[in-house]
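Spelled out from the first residue to the last, the chains are:
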Amino acid sequence: MLVYHGSNCDIEEIDLTKSSRFKDFGQGFYVTPDIETANRMAIKKASLFGGAPTVISYEFDDTILASNELNTLVFPEKATEEWIRFIDRNRNRSNTYQPHSYDIVKGPIADDGVALQLSKLRVHAESAEAIAADLQDKYLDQQIYFGTSRSLNFLKKISVCKLK
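Residues numbered from 1 in each chain as written. Predicted model: local features only at pLDDT ≥ 70, side-chain atom pairs only at ≥ 80, totals over all residues. Heavy atoms only, no water.

Peer 1: How do you make sense of helix 2 (residues 81-91) when you look at a structure like this?
Peer 2: Owing to its 3.6 residues per turn, the α-helix brings residues three or four apart onto one side. The complete set of buried residues in helix 2 reads W83, I84, F86, I87, D88 and N90. On the buried face of helix 2, the contacting elements are strand 4 (72-74), strand 5 (104-108), helix 3 (112-122) and helix 4 (128-134). (Buried < 20%, exposed > 50% of the residue type's maximum accessible area, 1.4 Å probe, protein only. Helix = DSSP H or I, 4+ residues; strand = E, 2+ residues; numbered from the N terminus. Contact = heavy atoms within 4.5 Å.)

Here's what the structure looks like:
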């Protein structure tokens, strides 16, 4: 399966420690199967951090998701209560530890609208179940997280494209 990483530069070697700990699925390397999502991320990163919007293509051996070789978690493409709670745990800045031990996680991206919903969960204004129900009709871009060096063995760099 072809996947893409939007960045502000080429990445020669993936360094899992360069990612923020408080992302959707935790500290790791993120790709998407959607080229348009990667393009948007590349433009966003370049505007925030400088550099040139860059999309890196990888071949991902996604058969690993159904095997027992790695510890993987696959969420449905739509929002679920479990996905909401998982993201909330990973984004919680009071955590002093990595909230999970998965090598690879696949599921929706929590965009700004979802982040707003998560704030309601944290102040107990809405339940995870209600938030997931509210998001059922919303299209959520997809992402795949690689959190361990073992998981990176299933990702092979194909090409690098600087956007104009």
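Peer 1: Got a minute to help me understand the side chain of T80 in this structure?
Peer 2: Following the sequence through the fold, T80 ends up in the loop between strand 4 and helix 2. Classification of T80 as buried rests on a relative accessible area of 17%. There is a polar contact of 3.1 Å between the side chain of T80 and the backbone nitrogen of W83. In this structure, T80 is in contact with F75 and A132, ignoring residues within four places of it in sequence. (Polar contact = N/O pair within 3.5 Å; in protein donor to acceptor, adjacent residues only side chain to side chain.)

Peer 1: It is not clear to me how the nonpolar core should be interpreted in this structure. Could you clarify?
Peer 2: Within soluble globular proteins, side chains that are nonpolar tend to cluster in buried spots. Counting residues in each nonpolar core, the largest one holds 20 residues, and the members touching the most others are F25, F75, W83, I84, V105, V114 and L135. Secondary-structure elements contributing two or more residues to this core are helix 2, helix 3 and helix 4. Tallying contributions element by element places helix 2 first for this core, with four residues. Here F75 is in contact with F25, T80, E82, W83, F86, V105, K106, G107 and P108, once residues within four sequence places are set aside. If you look at the next biggest cluster of nonpolar residues, it comprises 17 residues, including L16, I56, Y58 and L70. (Core = buried A, V, L, I, M, F, W, Y, C linked by side-chain atoms within 4.5 Å.)

Peer 1: Looking at this structure, I do not really get the sheet that holds strand 6 (residues 142-146). What am I missing?
Peer 2: What holds strands together in a sheet is hydrogen bonding between their backbones, with the strands either parallel or antiparallel. Spatial ordering of the open sheet is given by 2-6-5-4, a layout of four strands whose pairing is mixed. Strands with a single pairing partner mark the edges of an open sheet, and in this sheet they are strand 2 (29-31) and strand 4. Each strand axis lies, on average, 20° off the axis of its neighbour in the sheet, ignoring direction. Strand direction decides the pairing type here: strand 4 and strand 5, joined by three bridges, are parallel. The residue bridging V74 from the neighbouring strand is K106, located in strand 5. (Pairing = 2+ DSSP bridges. Axes fitted to C-alpha atoms, helices over the stretch in contact; angles between N-to-C directions.)

Peer 1: Explain the packing of helix 2 against helix 3 here, please?
Peer 2: How two helices pack is summed up by the angle between their axes together with the distance between the axes. Two numbers describe how helix 2 lies on helix 3: the axes approach to 11 Å, and their chain directions differ by 85°. As summarised for this structure, helix 2 and helix 3 are arranged roughly perpendicular, according to the angle between their axes. Of the residues in helix 3, those touching helix 2 at W83, I84, I87, D88 and R91 are V114, A115, L118, L121 and R122. When the residues that make up the contact of helix 2 with helix 3 are grouped by side-chain class, the tally is seven nonpolar, no polar and three charged. (Parallel < 35°, antiparallel > 145°, perpendicular 65-115°, else oblique. Nonpolar A, V, L, I, M, F, W, Y, C, P; charged D, E, K, R; others polar.)

Peer 1: I would appreciate a short explanation of the state of the cysteines in the present structure.
Peer 2: Simply put, disulfide is the name for a covalent bond between the sulfur atoms of two cysteines. Under the definition given, this model contains zero disulfides. Its sulfur unpaired, C9 is 14 Å from the next cysteine sulfur, which belongs to C161. (Disulfide = S-S within 2.5 Å.)

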